[in-house]
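In case you want the letters, here they are:
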Amino acid sequence: MTEETDATPVTERTPLVELDDVSKYYGNIRALEGVSLEVHAGEISCVLGDNGAGKSTLIKIIAGLHQHDAGGFRVEGEETRLGSPREALDRGIATVYQDLAVVPLMPVWRNFFLGSEPTKGVGPFKRMDVDFMRETTRAELLRMGIDLRDVDQPIGTLSGGERQCVAIARAVYFGAKVLVLDEPTAALGVKQSGVVLKYVAAARDQGLGVVLITHNPHHAYLVGNRFVLLKRGVMSGSYAREDITLDELTREMAGGNELDDLRHELEGRGA
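This structure is a prediction, so every number in the text was calculated from the model and none was measured. (Residues numbered from 1 in each chain as written. Predicted model: local features only at pLDDT ≥ 70, side-chain atom pairs only at ≥ 80, totals over all residues. Heavy atoms only, no water.)

Draft legend 1. Expanded view of the pattern of salt bridges. Scanning all chains against the criterion turns up 18 salt bridges. Across the pair Arg74 and Asp20 runs a salt bridge whose closest N-O atoms are separated by 3.7 Å. With Arg74 in strand S4 (residues 70–75) and Asp20 in strand S1 (residues 17–26), the pair connects residues that are 54 residues apart, well separated along the chain. The buried category is assigned to Arg74, whose relative accessible area is 16%. Take Asp20: its relative accessible area is 33%, and that puts it in the partly exposed class. (Salt bridge = Lys/Arg side-chain N within 4 Å of Asp/Glu carboxyl O. Helix = DSSP H or I, 4+ residues; strand = E, 2+ residues; numbered from the N terminus. Buried < 20%, exposed > 50% of the residue type's maximum accessible area, 1.4 Å probe, protein only.)

Draft legend 2. Broad picture of the layout of surface pockets. What the largest pocket holds in volume is close to 790 Å³. Around the largest pocket sit 29 residues that line it, and Leu89, Ala94, Thr95, Val96 and Arg170 are the ones nearest its centre. Listed by contribution, the elements that provide at least two residues to the lining of the largest pocket are helix H2 (85–90), strand S6 (93–96), helix H3 (108–112) and helix H5 (160–173). Along the lines of polarity and charge, the residues of the lining of the largest pocket split into 20 nonpolar, six polar and three charged. The calculated volume of the second largest pocket comes to roughly 260 Å³. What lines the second largest pocket is a set of 15 residues, and nearest its centre among them are Asp50, Leu230, Lys231, Glu252 and Met253. Contributions of two or more residues to the lining of the second largest pocket are made by strand S11 (226–231) and helix H8 (246–254). Partitioned by chemical class, the residues of the lining of the second largest pocket number six nonpolar, five polar and four charged. (1 Å grid on protein atoms, 1.4 Å probe; cavity = no way out; pocket = protein on both sides within 12 Å on 5 of 7 lines; lining within 4 Å. Points joined across faces, edges and corners; volume = space filled by probe spheres on them. Nonpolar A, V, L, I, M, F, W, Y, C, P; charged D, E, K, R; others polar.)

Draft legend 3. Structural view of the nonpolar core. Of all hydrophobic cores here, the largest spans 45 residues; its most connected members are Leu141, Leu179 and Phe227. Here this core takes seven residues from H5, the largest share from any one element. Contact partners of Phe227, with chain neighbours within four places excluded, come to Cys46, Leu48, Ala220, Tyr221, Gly237, Ser238, Tyr239, Arg241, Ile244 and Leu249. One finds Val39, Phe73, Val75 and Val178 within the second-largest nonpolar core, a separate group that totals 25 residues. (Core = buried A, V, L, I, M, F, W, Y, C linked by side-chain atoms within 4.5 Å. Contact = heavy atoms within 4.5 Å.)

Draft legend 4. Representation of the confidence of the model for the chain within the structure. Here the chain shows a mean pLDDT of 87. Residues at 70 or above account for 90%. Averaged over each element, pLDDT in the chain is lowest for helix H9 (residues 257–270) (62) and highest for strand S3 (residues 44–48) (96). (pLDDT = per-residue confidence, 0-100.)

Draft legend 5. Structural context of the side chain of Glu140. Turning to its location among the elements, Glu140 is positioned in helix H4 (residues 130–143). Exposure remark for Glu140: the relative accessible area of 13% places this residue in the buried category. Contacts of Glu140, omitting those with residues within four sequence positions, involve Phe112, Ala169 and Tyr173.

Draft legend 6. Up close: empty space enclosed by the protein. What the rule picks out here adds up to one cavity of 30 Å³ or more. Taken as a whole, the largest cavity holds about 40 Å³ of empty space. Forming the walls of the largest cavity are Leu16, Val17, Val75, Glu76, Arg91, Gly92, Ile93, Lys177 and Val178.

Draft legend 7. Expanded view of the packing of H5 against helix H6 (residues 190–205). In the contact formed by H5 and H6, the axes pass within 9 Å of each other and the chain directions differ by 10 degrees. One element, H5, and the other, H6, form an angle in the roughly parallel class. Taken together, the residues of H6 that come into contact with H5 (itself represented by Gly161, Glu162, Gln164, Cys165, Ile168 and Val172) are Gln192, Val195, Val196, Tyr199, Val200 and Ala203. Residue composition of the contact of H5 with H6, grouped by class: eight nonpolar, three polar and one charged. (Axes fitted to C-alpha atoms, helices over the stretch in contact; angles between N-to-C directions. Parallel < 35°, antiparallel > 145°, perpendicular 65-115°, else oblique.)

Draft legend 8. Spotlight on the pairing of strand S9 (residues 178–182). Counting buried residues along S9, five of its five residues qualify, which places the element largely inside the surrounding structure. Note: S6 against S9, four bridges, orientation parallel. Residue pairing in the sheet places Ile93 in a bridge with Val178 of S9. Relative to strand S10 (residues 209–214), S9 runs parallel, the two sharing five bridges. Within S10, the residue paired with Val180 across the bridge is Val211. (Pairing = 2+ DSSP bridges.)

Draft legend 9. Inspection of H4 at higher detail. With 14 residues, H4 should cover 20 Å at 1.5 Å per step; its first-to-last C-alpha distance of 20 Å lies within 8% of that length. For H4, the set of buried residues is Met133, Thr136, Thr137, Glu140 and Leu141. Down the axis, H4 shows its buried residues gathered within 125 degrees of arc, on one side only. Turning to H4, the residues buried within the fold contact H3, strand S8 (127–128) and H5. Taken from the residues just after H4, Gly145 is the one with a positive phi, measuring 85 degrees. (Expected span 1.5 Å × (residues − 1). Arc of directions from axis to C-beta.)

Spelled out as structure tokens, the structure:
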């Protein structure tokens, strides 16, 4: 006789992170309602929406900053309520925010290990293992295909795209299974955006599950496997890549039928 259990058996296709009809309210304000999302290993799930669509609230729930009020949130099949970003990190969920938490005047290697510095020696002779941090930073960046001239240069001298790439490599090194990226290309030009998307794809190819938050359907479609569209806190669409074209995704992002109504209204006024 076997014991019954509520736990979902973990298989190769069990999502690393799964949100099922998740909602979040702040008093009478609906920030998020009925949103579902699956994040699989080796795939990129893109969450698209304009300002105020609920993307930030979704990030905060996955990152452990806020808890959901309704629906299901599972990590590797286990029902979860993350209590803090530290708990999310312990479960393998790393979040890279648009305003990167770096110390501009510190070297790249110092920022790479910021808050998790390895040491050597004992007692009064204990000190940071600078050589290890330099060598590891250089090696991990190279492993991601990032060839920096000098890891001793202040991270503030790097371009926005390069800083994003360092943050991605750092998350991979510290054991992330799920990488949440908050608008990583929002403030970047075309070339730098391409560089970041290349390393987002590299993280996917290393087996991570990636959540790419963006308002740019072209960037999403270049790398995405799944697409979730948010509008005013509600999920307005969910598609696998094979089920939607770039033109259709762009149209949905632009408002779909609402855009047609606006065009007819404007054409009518011009008549």
